[in-house]
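Here is what each chain is made of, one letter per residue.
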Amino acid sequence: MSENFATTGTIAAIATAIVPQQGSVGIVRVSGTEAMHIAQTLFHALGRQAWESHRILYGYIRHPQTRQVVDEALLLIMKAPRSYTRDDVVEFHCHGGIMAVQQVLQLCLENGARLAQPGEFTLRAFLNGRLDLTQAESIADLVGARSPQAAQAALAGLQGKLANPIRQLRASCLDILAEIEARIDFEEDLPPLDETKVISDMERVAAEITNILATADKGELLRTGLKVAIVGRPNVGKSSLLNAWSRSDRAIVTDLPGTTRDVVESQLVVGGIPVQVLDTAGIRETEDQVEKIGVERSRRAASGADLVLLTVDASTGWTAGDGEIYEQVQHRPLILVINKIDLASPEEVQYPKSISHVVKTAVAQNQGLDALEAAILEKVRVDKVQASDLDLAINQRQAAALVKAKMALEQVRETIAQQLPLDFWTIDLRGAIQALGEITGEEVTESVLDKIFSRFCIGK
Ligand SMILES: Nc1nc2c(c(=O)[nH]1)N(C=O)[C@@H](CNc1ccc(C(=O)N[C@@H](CCC(=O)O)C(=O)O)cc1)CN2
Ligand SMILES: Nc1nc2c(ncn2[C@@H]2O[C@H](COP(=O)(O)OP(=O)(O)OP(=O)(O)O)[C@@H](O)[C@H]2O)c(=O)[nH]1
Ligand SMILES: [Mg+2]
């Protein structure tokens, strides 16, 4: 392992949010051989309570030298191997805010622990065999989930709904490999290799890989979500759209053109997909210094978004200003929102024929938002996320490894077709086994682990 991930020693970290005012309880977690000793040094249990595994003790945390009380707290003990990491774990459940947990963490560090790296508790759970790599990734997904559906998909992964089929595929490949290798090693004693069966077994594996690969797009959408920028001329109703859509007063709305100066964002869920919506300053030529910067930010938001909602005003029709904005964003995935249809017929709006997706709204009356959501899902070519999608939704790392495995299997087919000797068959078959093993972590390099676990938060 890299020095970042030294697997020995006792690690400690604050496991709960460290934003002030963001929790009524704060937890400091400690894992490793010194965990129990640290607990006994710092924690003073009241009365006669047993220091046993899976017990909660009530008492005080005290500075071991000054005896000064740092907090009134609970102590949770989980002895190896019945813990999150499979090592001894203790947790100090302190009062929330940041003062208590920061002091308790400091005391842990002064008494035999070192600060945990991001994801290091989960890394230990992986290295100690409690979790496979897909389950560890699911934990990061669960913590980062921005929609109930994304959380549900992460939980399925945590329960092994990806690991199990991948392990089975790898086991099938290992069986095929054993069949072939036996023929290489003990050629004379065995019946000849059933080539047709080898091929059909490999095809079954390849077909299953294809099925699993088909879940990657949805997995990506559930994990990273969509960034949607609302752009248009001043006063067309962009901020009103953000507010109506998010059922909030997030953005200032007035009848003065040029109200919004900065990018205002809101987090929504559309058909199960987390969506970050950006309301932007109305785009126009202006001499106002502040507004100029705002307009520049609008352009940047549009070019950084997965989808642009070009919003126009039905009561003014399509104007030259709309045309100029369209020219700037037309190469991006785009939906035209014709707003204020309570004031004028949308049929009067002469928009360019190159625009394929059009939605008519009166956002001030909450009209047309369902149609807008439907158009967004259609534009990004996904159906609403179904419950069955949430059982299996792979990430990009897993997809890349599956593609590698599939290509390796195709290569074996090629080798067989060319009637090359058995030794050659095994080379690519081993490649497929290796790629499948990378997904669950049976075969994984340190740099891959570094990449996966460094994305975790500290304390996880
Ligand atoms: N206070 C607290 N809450 C938490 C966690 C935690 O670590 N601490 N968790 C984590 O972040 C999650 C719960 N996950 C956990 C997963 C496994 C074990 C555990 O001890 N597993 C043992 C089996 C225990 C037994 O058999 O009784 C094991 O798998 O070996 C504990 C928590 C969510 N809530
Ligand atoms: N009648 C009607 N008025 C609307 C509708 N949507 C917005 N408005 C009004 O249009 C005016 C401008 O709305 P905003 O949401 O501030 O417009 P904006 O596009 O954000 O404007 P800037 O921030 O200046 O670019 C306000 O007076 C809104 O009440 C609508 O659907 N119908
Ligand atoms: Mg605005």
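Rules of the game
- Residues numbered from 1 in each chain as written.
- Chains lettered and ligands numbered in written order.
- Predicted model: local features only at pLDDT ≥ 70, side-chain atom pairs only at ≥ 80, totals over all residues.
- Heavy atoms only, no water.
- Helix = DSSP H or I, 4+ residues; strand = E, 2+ residues; numbered from the N terminus.
- Rg over C-alpha atoms; globule rule 2.2 N^0.38 Å.
- Buried < 20%, exposed > 50% of the residue type's maximum accessible area, 1.4 Å probe, protein only.
- Contact = heavy atoms within 4.5 Å.
- Areas by Shrake-Rupley, 256 points an atom, 1.4 Å probe, with all protein chains shown as cover.
- Lys, Arg positive; Asp, Glu negative; His and termini not counted.
- Charge placed at Lys NZ, Arg CZ, Asp CG, Glu CD.
- Patch = residues over 30% accessible without salt bridge, like charges linked within 9 Å, V, L, I, M, F, W, Y side chains within 5 Å.
- Salt bridge = Lys/Arg side-chain N within 4 Å of Asp/Glu carboxyl O.
- 1 Å grid on protein atoms, 1.4 Å probe; cavity = no way out; pocket = protein on both sides within 12 Å on 5 of 7 lines; lining within 4 Å.
- Points joined across faces, edges and corners; volume = space filled by probe spheres on them.
- Nonpolar A, V, L, I, M, F, W, Y, C, P; charged D, E, K, R; others polar.
- UniProt positions renumbered as here; feature names shortened; annotations may be inferred.
- Near = heavy atom within 4 Å.
- Polar contact = N/O pair within 3.5 Å; in protein donor to acceptor, adjacent residues only side chain to side chain.
- Sits in = over half its atoms within 2 Å of the grid points.
- Donors = N, O, S within 2.8 Å, 3.2 Å for Na, K, Ca; no water.
- Pairing = 2+ DSSP bridges.
- Axes fitted to C-alpha atoms, helices over the stretch in contact; angles between N-to-C directions.
- Core = buried A, V, L, I, M, F, W, Y, C linked by side-chain atoms within 4.5 Å.

*Asks:* Just checking my understanding: could you explain the overall build of the chain for this structure?
*Replies:* Of regular secondary structure, the chain possesses 15 helices and 13 strands. For a compact globule of 460 residues, the expected C-alpha radius of gyration is about 23 Å, and the chain comes in at 29 Å, more than 25% above that figure. Across its three principal directions, the C-alpha atoms of the chain cover 80 × 80 × 35 Å. Sorting the 460 residues of the chain into buried and exposed places 48% on the buried side. Counting only contacts in the chain whose residues sit at least 6 apart along the sequence, the fraction spanning at least 24 positions is 66%. Put simply, the chain shows about 22500 Å² of open surface, and 50% of that area lies on carbon and sulfur atoms. Averaging the locations of the 46 positively and 60 negatively charged side chains of the chain gives two centres separated by 6 Å.

*Asks:* Could you clarify how one ought to interpret a negative patch on the surface in this entry?
*Replies:* On the surface, E285, E287, E324 and E327 cluster together into a patch of negative charge. Summarising the element assignment, E327 is placed in helix α11 (residues 320-329).

*Asks:* Can you walk me through empty space enclosed by the protein in this structure?
*Replies:* One water molecule sets the probe size; rolling that probe over the atoms shows where empty space is left. The tally for this structure, following the rule as stated, stands at 1 cavity of 30 Å³ or more. Quantified by volume, the largest cavity comes out at close to 130 Å³. Lining the largest cavity are 15 residues, with S138, A153, G157, R223 and A393 sitting closest to its centre. Elements with a minimum of two residues in the lining of the largest cavity: α4 (133-144) and α5 (148-158). Broken down by element, the residue count for the lining of the largest cavity peaks at 4 residues, all from α4. Broken down by class, the residue content of the lining of the largest cavity amounts to 6 nonpolar, 5 polar and 4 charged.

*Asks:* Sorry if this is basic, but what is going on with the UniProt feature "domain: TrmE-type G" (unreviewed entry) in the chain here?
*Replies:* As recorded in UniProt, the sites labelled "domain: TrmE-type G" (unreviewed entry) are residues 225-381. Secondary structure across residues 225-381 comprises 29% helix and 24% strand; the distance between its end C-alpha atoms is 14 Å.

*Asks:* Help me understand the site of ligand 2 in this model?
*Replies:* Around ligand 2, a shell composed of 23 residues is seen, among which K238, S240, G258, T260 and D342 lie nearest. One of the backbone N or O atoms of N235 is found 2.9 Å from an oxygen atom in ligand 2. Between ligand 2 and S240, the relevant distance is 2.6 Å, taken from an oxygen atom to a side-chain nitrogen or oxygen of the residue. Among the cavities detected, the one that contains ligand 2 is the second largest pocket. Each residue belonging to the shell around ligand 2 can be placed in one class, and the counts come to 9 nonpolar, 10 polar and 4 charged.

*Asks:* Can you help me understand the coordination of the magnesium ion (ligand 3) in this one?
*Replies:* Reference values for coordination geometry: four tetrahedral donors around a metal ideally subtend 109.5 degrees, six octahedral donors ideally subtend 90 or 180 degrees. The protein atoms that coordinate the magnesium ion (ligand 3) are S239 (OG) and T260 (OG1), at distances of 2.0 Å. One end of the pair, S239, is in helix α9 (residues 238-246); the other, T260, is in the loop between α9 and β9 (264-270), and 21 residues separate them in sequence.

*Asks:* Explanation requested: a nonpolar patch on the surface in the structure shown.
*Replies:* On the surface, L46, I56, Y58 and L74 cluster together into a nonpolar patch covering about 310 Å² of accessible area. On the secondary structure map, L74 appears in strand β5 (residues 69-78).

*Asks:* Where do I start with the site of ligand 1 in this structure?
*Replies:* Lining the immediate surroundings of ligand 1 are I27, R29, H54, P81, R82, S83, Y84, E91, H93, R130 and K460. Taking R82, its side chain carries an N or O atom lying 3.0 Å from an oxygen atom of ligand 1. S83 is positioned such that a nitrogen or oxygen atom in its backbone is 3.5 Å from an oxygen atom of ligand 1. Expressed as a share of its isolated accessible area of 680 Å², the protein-covered part of ligand 1 is 55%. Those elements giving two or more residues to the shell around ligand 1 turn out to be β2 (25-31) and β6 (89-95).

*Asks:* Could you clarify how one ought to interpret the sheet that holds strand β7 (residues 113-115) in this entry?
*Replies:* In any sheet, the strands associate via hydrogen bonds between backbone groups, in a parallel or an antiparallel arrangement. Within the open sheet, the 7 strands sit side by side as β3-β4-β5-β6-β2-β1-β7. Their pairing is mixed. Pairing within the sheet leaves two strands with one partner each, and these edge strands are β3 (43-45) and β7. Each neighbouring strand pair of the sheet contributes to a mean axis angle of 35 degrees, computed without reference to strand direction. Here β3 pairs with strand β4 (residues 55-62) via 3 bridges, running antiparallel. The residue of β4 that forms the bridge with F43 is I61. This element, helix α3 (residues 120-127), spans β1 (10-14), β2 and β7 of the sheet and lies at about 140 degrees to β1.

*Asks:* How should I be thinking about the sheet that holds strand β12 (residues 334-339) in this particular structure?
*Replies:* Sheet architecture is open: 6 strands sit in the order β9-β10-β8-β11-β12-β13, paired in mixed fashion. The strands lining the two open edges of the sheet, one partner per strand, are β9 and β13 (358-360). The sheet shows a mean angle of 25 degrees between the axes of neighbouring strands, taken without regard to direction. In this structure, β9 lies alongside strand β10 (residues 273-279), joined through 7 bridges in antiparallel fashion. The residue bridging L268 from the neighbouring strand is V275, located in β10. Its contacts with the sheet put α9 on β8 (226-232), β9, β10 and β11 (307-313), and the angle it makes with β9 is roughly 40 degrees.

*Asks:* So what exactly am I meant to see when it comes to the pattern of salt bridges here?
*Replies:* Side chains that carry opposite charge are capable of pairing whenever their charged atoms lie near each other. Evaluation of the coordinates by the stated rule reveals 21 salt bridges. In this structure, K197 engages D201 in a salt bridge whose closest nitrogen and oxygen atoms are separated by 2.8 Å. Placement of the pair is K197 and D201 together in helix α7 (residues 195-213), with a separation of 4 residues, close to one helical turn. What emerges from the salt-bridge pattern is a single network uniting K197, D201 and R204.

*Asks:* Any chance you could explain the nonpolar core here in plain terms?
*Replies:* Considering soluble globular proteins, one finds that nonpolar side chains tend to be buried as a cluster. Judged by nonpolar contacts, the single largest core of 34 residues is most densely connected at I209, I212, I394, L402, L409, L429 and L436. With 33 residues, the next largest nonpolar core counts L242, V270, I376 and A393 among its residues.

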